[in-house]
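# Observations on the model geometry
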Amino acid sequence: MNAPTPEPRSEPAGRAARAFAAVAIVAVAVWLVALIVRAVPALATATAAAARGATEPAAARIQRSSGLSPALRAAIREHLPADGRLVLYSPYGGAAFELDATDPRGEPARQVRTLFERCKNLLYPHPRDVHFARDAAELATRLGPRWAGRLLAVDGTQGGAELAVGGRWQLLHTEPLGTGVLRLWRFQEAR
Amino acid sequence: MNLVAAALAPLLLGALLLRALGLRWRNEPVAWPAWAWLAGCLLLGAAVQLGLELRVPPASFWTLPLGLAVLLGAVALRRRPAAPGARAPAGAGFTAFVVAGALWCLLFAASGMDRPCIEGDEGNIWSLKAKSLLVDWPDGFALAQVHNLHPDYPQLNPLLQAWTFALLGGPDSVHFENRWLVQLAGVALFVALAAALRRRLPALPAAALAALLPLSPVFQELLRTAYADGMVALGLVVALDGFLRWREHGDRRALWLAGLGLAFAAWSKNETMLYLASAAAAALLLRAFGRLRPTLRDLAPLAPLALVVANTTLWNGRFGLHSDLFGANPTGKSMFVLMAQQWQERVPALAAEFAAAVTSPAQAHVVFGLLLLGALLRPRRASGPPLALPFLALFGGLLGLHVVYVGSFLPLRFHLDTSYLRVTFQLLPAALVLLAALLADVVGARGARHDGGRP
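In this text the structure is predicted, and so the values were computed from the model without any measurement.

Reading guide: rules and limits
- Residues numbered from 1 in each chain as written.
- Chains lettered and ligands numbered in written order.
- Predicted model: local features only at pLDDT ≥ 70, side-chain atom pairs only at ≥ 80, totals over all residues.
- Heavy atoms only, no water.
- Helix = DSSP H or I, 4+ residues; strand = E, 2+ residues; numbered from the N terminus.
- Rg over C-alpha atoms; globule rule 2.2 N^0.38 Å.
- Buried < 20%, exposed > 50% of the residue type's maximum accessible area, 1.4 Å probe, protein only.
- Contact = heavy atoms within 4.5 Å.
- Areas by Shrake-Rupley, 256 points an atom, 1.4 Å probe, with all protein chains shown as cover.
- Lys, Arg positive; Asp, Glu negative; His and termini not counted.
- Charge placed at Lys NZ, Arg CZ, Asp CG, Glu CD.
- Salt bridge = Lys/Arg side-chain N within 4 Å of Asp/Glu carboxyl O.
- pLDDT = per-residue confidence, 0-100.
- Axes fitted to C-alpha atoms, helices over the stretch in contact; angles between N-to-C directions.
- Parallel < 35°, antiparallel > 145°, perpendicular 65-115°, else oblique.
- Nonpolar A, V, L, I, M, F, W, Y, C, P; charged D, E, K, R; others polar.
- 1 Å grid on protein atoms, 1.4 Å probe; cavity = no way out; pocket = protein on both sides within 12 Å on 5 of 7 lines; lining within 4 Å.
- Points joined across faces, edges and corners; volume = space filled by probe spheres on them.
- Phe/Tyr/Trp six-rings, centres within 6.5 Å; stacked < 30°, edge-to-face > 60°.
- Lys NZ or Arg CZ within 6 Å of the ring centre and 35° of its normal.
- Pairing = 2+ DSSP bridges.
- Polar contact = N/O pair within 3.5 Å; in protein donor to acceptor, adjacent residues only side chain to side chain.

### Structural notes on the overall build of chain B
- Scanning chain B from N- to C-terminus turns up 21 helices and zero strands.
- The C-alpha radius of gyration computed for chain B amounts to 21 Å, which stays within 12% of the reference 23 Å derived for 455 residues, consistent with globular compactness.
- Taken over the C-alpha atoms alone, chain B extends approximately 60 × 60 × 45 Å along its principal axes.
- By residue count, 63% of the 455 residues in chain B fall in the buried class.
- Residue pairs in contact within chain B that sit at least 24 positions apart in sequence constitute 82% of those at least 6 positions apart.
- Working note: accessible area of chain B is about 16,600 Å², and carbon and sulfur atoms make up 69% of it.
- Positive and negative side-chain charges of chain B, numbering 36 and 24 respectively, have mean locations separated by a distance of 14 Å.

Following this line, the structure appears as structure tokens:
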């Protein structure tokens, strides 16, 4: 490569070259029109999002897009010791179908994983130890006597039933989420 | 004020490095800001890593680029000015198009301020790594990657985010602005691409091809987030543009620019190693046919790339971070084992996925199809100098990406839905540059010569 060769720009373009150029020009024109049509709503969405980003307080934007209110975040941080563990729990299963986005049976598992990711990344580094559980058995594996008083669960169970997996729990905070509710529990004592 | 300083630092460092290399703004006014951004982010990343190693507290990170700027400034001021009259005429209309396109990109980047950087790969991989560089460095860094599916990914993106976190108040209070330097790499990608296309085509066709990028939904999503795929694309476009400029005019400054582009891409995401392997294989093939005779001096600009690869290897070894492709995944199997088990089912599915992407009017991936068609209809031009090497490297890289999906441990549909268009997009802007080079002798023949300026 020590003697760069000039690009063969001066060669006369043949029929194939002209045909290819024609195809390319038509294809690019067609795709540009199609993309412009699709870009109009995208532009409107982006403009609205940018406007919200410039005007809304950060806490409001975080709550709207993640479902995690400042009150819930504050409650977790208030009650969780530095070496504590946080578990995002939903008892509705779906783990086996989670990775198939078209399978509604996986939706509960996808929801708890999403909430886990949001919570973990938003709250890091306090706490550092965050897990999720998609059914009671999975939650039980996260518990144990050494976690008594040092483990909190964000519980997506709907209805008024108390959390009773693996031992005794204390309700710390209740958070409305859409039409449902999230409850924050402290693991008090292993059974 | 701190946000302005955070964004100005890479631009200043990049400007000084380009000047030290003899690349002046007046030679290539359109591309220059994008090149400066790339070069500056590389230097800033190095400065932040050095600061971490020296245990500089995050509150004092602002001092890190200063020493580097003084050193570079001393070198840059001693550098001879570029030859007069070497300005590349982009044209006022085209410059206005680039400015409008950059503003469009900035709007999509600003739309990211609506959602915190806590979901998907940008939250789980890139931003989390950046935060742990500041709050768990160095002892807890490896442990903090426990939920990171790709802990072995390289560090430039997290280092840039760590810089912004450090200047703006830390991971606990900053959840949006930490993306900015990464997002601006997306803006730089559009600018660098537009300049590379304009160099080879008249203004109208160059603008038409360049417009495919900001209209692409994948690119719009990359602008909004802190994913590293746009950074890879930027590095590859600058590398390809620099390589072609060098082959056209023998200007060694362009070859150094190409080297910086490769280093930037390699420090951004692991797919670059695949592209480099493809390029190396292509170079060996061309050399075997006597079509390529690199000298040691030609290879010197690869020094930054070698440094980046060595740095990433040492980093991952130091923290015990492994790739899921080589067995660090729930199956415990390497991608080669999985390939042998899955190829019969996955190869047809991947061929169908590629065909769907290339023909989809909702994406700009049609460029790959056009490039394939161009290679078939214009084999002499595609296989001749200087296009043969990048053509082979790009198609080898594209094929390699598909092979990785064959050996993925994840369910194929899930893996494709969450990454296929985004990952293949890494090669799309470079494919646009190659398409322009392939069309230049036909589309550019009737217009005025537009590539007179050296870099």
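### As for the overall build of chain A
- Across its full length, chain A carries five helices and five strands.
- When the helices and strands of chain A are placed in sequence order, the string is α-α-α-β-α-β-α-β-β-β.
- Its C-alpha atoms give chain A principal-axis dimensions of about 85 × 40 × 40 Å.
- By residue count, 45% of the 191 residues in chain A fall in the buried class.
- Here chain A displays about 9,200 Å² of accessible surface, and carbon together with sulfur accounts for 61% of that area.
- The average position of the 24 basic charges and that of the 17 acidic charges among the side chains of chain A differ by 4 Å.

### Quick word on the interface of chain A and chain B
- Contacts between the two partners involve 55 residues from chain A, matched on the other side by 71 residues from chain B.
- Inspection of the region where chain A meets chain B yields five salt bridges.
- The residue Arg 118 of chain A makes a salt bridge to Glu 119 of chain B at a minimum N-O spacing of 3.0 Å.
- Listing elements by their share of the side of chain A that touches chain B, those giving two or more residues are helix H1 (15–55), helix H2 (58–66), helix H4 (107–123) and strand E2 (129–133) of chain A.

### Some words on the confidence of the model for chain B
- When pLDDT is averaged along chain B, the result is 94, and 96% of the positions lie at 70 or above.
- Below pLDDT 50 for its whole length, residues 446–453 of chain B participates in 14 contacts with residues either more than four positions away or in separate chains.

### Considering the pattern of salt bridges
- Within the structure shown, the criterion is met by 34 salt bridges over all chains.
- Notably, a salt bridge pairs Asp 172 of chain B with Arg 77 of chain A, separated by 2.8 Å at the nearest N-O pair. Taken together, the residues Asp 172 of chain B in the loop between helix H7 (156–168) and helix H8 (180–200) and Arg 77 of chain A in helix H3 (residues 70–79) connect one chain to another.
- Ionic pairing is found between Arg 200 of chain B and Glu 248 of chain B, a salt bridge with its closest N-O pair at 3.7 Å. Of this pair, Arg 200 of chain B sits in helix H8 while Glu 248 of chain B sits in helix H11 (residues 229–249), and the two are 48 residues apart along the sequence. Each member of the pair, Arg 200 of chain B as well as Glu 248 of chain B, carries the same accessibility label: buried.

### As for the packing of helix H10 (residues 217–224) of chain B against helix H20 (residues 412–425) of chain B
Residue and element names in this part refer to chain B.
- Relative orientation of the contacting elements H10 and H20 amounts to 90°, with a least axis distance of 10 Å. Relative to H20, the element H10 lies roughly perpendicular. When H10 is examined against H20, the residues Val 218, Phe 219 and Leu 222 are found in contact with a partner set consisting of Leu 421, Arg 422 and Phe 425.
- Taken together, the residues that form the contact of H10 with H20 break down as five nonpolar, no polar and one charged.

### Looking at the layout of surface pockets
All names here are of chain B.
- Here the second largest pocket is characterised by a volume of approximately 770 Å³.
- Taken together, 31 residues form the lining of the second largest pocket, with Leu 262, Leu 276, Ala 279, Leu 302 and Leu 389 sitting closest to its centre.
- Class assignment of the residues belonging to the lining of the second largest pocket gives a composition of 27 nonpolar, two polar and two charged.

### Notes on the packing of aromatic side chains
- Counted under the stated rule, the structure contains 17 aromatic pairs over all chains.
- Ring centres of Trp 315 of chain B and Phe 319 of chain B lie 5.3 Å apart, and the angle between their planes is 55°; on these two criteria the pair is classed as tilted. Residue Trp 315 of chain B and its partner Phe 319 of chain B are both found in helix H15 (residues 303–319); the two are separated by four residues, about one turn of the helix.
- Residue classification places Phe 319 of chain B among the buried residues on the basis of a relative accessible area of 11%.
- When the centroid spacing of 5.9 Å and the interplanar angle of 45° are considered together, the rings of Phe 391 of chain B and Phe 395 of chain B count as tilted. Of this pair, Phe 391 of chain B and Phe 395 of chain B both sit in helix H19 (residues 388–406), four residues apart, roughly one helical turn. Judged on exposure class, the residue Phe 391 of chain B and its partner Phe 395 of chain B are both buried.
- Among the aromatic residues, those joined into a cluster by ring pairs are Trp 137, Phe 141, Trp 315 and Phe 319 of chain B.
- The residue whose ring lies beneath Arg 61 of chain A is Phe 176 of chain B, and the NZ or CZ to ring-centre distance is 4.4 Å.
- For the cation-ring pair, Arg 105 of chain A lies above Phe 97 of chain A, with the distance from its terminal atom to the ring centre recorded as 3.9 Å.

### Here's the deal with unusual backbone geometry
- With an omega of 15°, the peptide bond between Tyr 124 of chain A and Pro 125 of chain A qualifies as cis.
- If you trace the backbone, Pro 125 of chain A turns up in the loop between H4 and E2.
- Here Trp 137 of chain B and Pro 138 of chain B are connected by a cis peptide whose omega angle stands at -10°.
- With respect to the helices and strands, the residue Pro 138 of chain B is situated in the loop between helix H5 (120–135) and helix H6 (141–144).
- For Arg 55 of chain B, which is not glycine, the phi dihedral falls at a positive 60°.
- Secondary-structure assignment places Arg 55 of chain B in the loop between helix H2 (32–53) and helix H3 (64–78).

### A word on the sheet that holds strand E5 (residues 180–190) of chain A
Residue and element names in this part refer to chain A.
- If you trace the five strands from one edge of the open sheet to the other, you get E2-E1-E3-E5-E4, paired in mixed fashion. With partners counted over all chains shown, the strands left at the sheet margins are E2 and strand E4 (167–177), one partner each. Direction aside, neighbouring strands of the sheet carry axes that sit 20° apart on average.
- Across four bridges, strand E3 (residues 151–155) lies against E5 in antiparallel orientation. Each residue of the ladder has a partner; that of Leu 152, found in E5, is Arg 186.
- Its contacts with the sheet place H3 against strand E1 (85–89), E3, E4 and E5, and it is angled at close to 155° to E4.
- Across the face of the sheet, H4 comes into contact with E1, E2 and E5 while running at roughly 155° to E1.

### Let's talk about the side chain of Asn 329 of chain B
All names here are of chain B.
- Looking at the secondary structure, you find Asn 329 in the loop between H15 and helix H16 (335–359).
- Relative accessible area serves as the criterion here: at 11%, Asn 329 is assigned to the buried category.
- From its side chain, Asn 329 meets the backbone oxygen of Lys 333 in a polar contact 3.0 Å long.
- Among residues more than four places away in sequence, those in contact with Asn 329 are Asp 324 and Phe 409.

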